[in-house]
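Listed below are the residues making up each chain.
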Amino acid sequence: VLGIGVFLGAIGFPVIFALYRYVIGGGWRAHKRLGLHTKLTLTTTVIFVIFGWIAITALEWNNVRTFGHQDVGQTLFNAGYMSVMTRSGGLGIVNPADMNGSTLLVMDMLMFVGGGSASTAGGIKVTTIAVLFLAAYAEARGYQDMQAFDRRIPNEVLRVAISVLIWGATGGIGSAGCAQRFHAVYSHARELRPEAAHRDVAPLARVTGDGDTGDALDRLGEVQIRKLGDVFCQDRVDAGGGLPLHV
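Residues numbered from 1 in each chain as written. Predicted model: local features only at pLDDT ≥ 70, side-chain atom pairs only at ≥ 80, totals over all residues. Heavy atoms only, no water.

Novice: Tell me what's going on with the packing of helix H3 (residues 36-59) against helix H4 (residues 72-85), and back it up with residues and numbers.
Specialist: H4 packs onto H3 with a crossing angle of 130° between their chain directions and a minimal axis gap of 8 Å. Accordingly, the angle class assigned to the pair H3 and H4 is oblique. For the pair H3 and H4, the crossing hand works out as right-handed. Listed contacts from H4 to Phe48, Val49, Gly52, Trp53, Ile56 and Thr57 of H3 are Thr75, Leu76, Ala79, Gly80, Met82, Ser83 and Val84. Residue composition of the contact of H3 with H4, grouped by class: eight nonpolar, five polar and no charged. (Axes fitted to C-alpha atoms, helices over the stretch in contact; angles between N-to-C directions. Helix = DSSP H or I, 4+ residues; strand = E, 2+ residues; numbered from the N terminus. Parallel < 35°, antiparallel > 145°, perpendicular 65-115°, else oblique. Left-handed = near helix turned anticlockwise from the far one by under 90°. Contact = heavy atoms within 4.5 Å. Nonpolar A, V, L, I, M, F, W, Y, C, P; charged D, E, K, R; others polar.)

Novice: Got a sec to walk through helix H6 (residues 126-141)? Specific residues and values, please.
Specialist: The end-to-end C-alpha distance of H6, which contains 16 residues, comes to 23 Å, matching closely the 22 Å that a straight helix rising 1.5 Å per residue would cover. Taken residue by residue, H6 has Val126, Thr127, Thr128, Ala130, Val131, Leu134, Ala135 and Ala138 as its buried positions. In the segment just after H6, Gly142 is the residue with positive phi, at about 80°. (Expected span 1.5 Å × (residues − 1). Buried < 20%, exposed > 50% of the residue type's maximum accessible area, 1.4 Å probe, protein only.)

Novice: Give me the lowdown on a nonpolar patch on the surface, citing residues and values where you can.
Specialist: Among the surface-exposed residues, Val46, Ile50, Trp53, Ile54, Trp61, Val72 and Leu76 lie close enough to one another that they form a single nonpolar patch of about 630 Å² accessible area. For the nonpolar patch, the elements supplying multiple residues, two or more each, are H3 and H4. Element by element, the count of residues in the nonpolar patch is highest for H3, at four residues. The residue Trp53 is located in helix H3 in this model. (Patch = residues over 30% accessible without salt bridge, like charges linked within 9 Å, V, L, I, M, F, W, Y side chains within 5 Å. Areas by Shrake-Rupley, 256 points an atom, 1.4 Å probe, with all protein chains shown as cover. Salt bridge = Lys/Arg side-chain N within 4 Å of Asp/Glu carboxyl O.)

Novice: So what's going on with the nonpolar core? Residues and values would help.
Specialist: One broad trend across soluble globular proteins is that nonpolar side chains are buried collectively. Within the largest apolar cluster, 11 residues are counted, these being Leu36, Leu40, Ala130, Val131, Leu134, Ala135, Ala138, Met146, Ala148, Ile153 and Ala161. Residue assignment for this core shows that the elements contributing at least two residues are H3, H6 and strand E1 (146-148). Sort the elements by how many residues they give to this core and H6 lands first, with five residues. In contact with Ala138, other than residues within four places in its own chain, are Tyr143, Asp145 and Met146. Within the second largest apolar cluster, seven residues are counted, among which are Ile56, Ala79, Met82 and Val94. (Core = buried A, V, L, I, M, F, W, Y, C linked by side-chain atoms within 4.5 Å.)

Novice: Describe unusual backbone geometry, listing the residues and the values that go with them.
Specialist: Here the phi dihedral of Ala118 falls at roughly 55°; this positive angle occurs in a residue that is not glycine. Checked against the element boundaries, Ala118 lands in the loop between helix H5 (101-113) and H6. Note on Ala118: relative accessible area 49%, which makes it partly exposed. Phi is positive for Asp150, which is not a glycine, with a value near 60°. For Asp150, the location among the structural elements is in the loop between E1 and strand E2 (151-153).

Novice: How would you summarise the packing of aromatic side chains if you had to cite specific residues and measurements?
Specialist: Summed over all chains, the structure comprises one aromatic pair. Centroid distance Tyr137 to Tyr143: 6.5 Å. Interplanar angle 70°. Geometry classified as edge-to-face. (Phe/Tyr/Trp six-rings, centres within 6.5 Å; stacked < 30°, edge-to-face > 60°.)

As structure tokens, this is what we get:
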């Protein structure tokens, strides 16, 4: 049930609505065709689910900490469930720390792609990957235009797909670097917690001894805010320097 719900959420609400109208309106009887976006989303999603299913099964087949001790049916079922969950849900049935590094790499790739447009999934979207693949295929065959399901895809769509890929890769690298920096700062803070606490409290005690308690607390707060800004990969924190973000 969870797998079906995650799969439906990952294909996107426009695709669900298109399938609903196709089924309720009797599209197969009237020989109506689904839209290009719906076909690309469903086809690419199914391909990535099957690819993840096969890759996870093969890479974890002999891993006794995950699927190695299970029978064939249970292994296939669990691998398929995990492949679906990489689209959007993120719910696991085994500890990721017990998986092989190659399996984690495959799952990272699937999560980077994500699901369909206007869905509950993240990533750069399956239609972006589909357009890039169609562009590479058209270039290899010497075609002037990209085509899919007997329909032409404008070149403007390729420009958008390349932009999404670049910005998605840039954001992923920045997030990974920030996570590593946060982990390093957190580990350093855990190791030096007594020394850091003594170093911060001792100057405060000397200043408050002179009767300047308010200024001492203000300066301590500024130090803590700057530390928080450094943890989240910011050079400084400006109280009034924010810019509106339009999505």
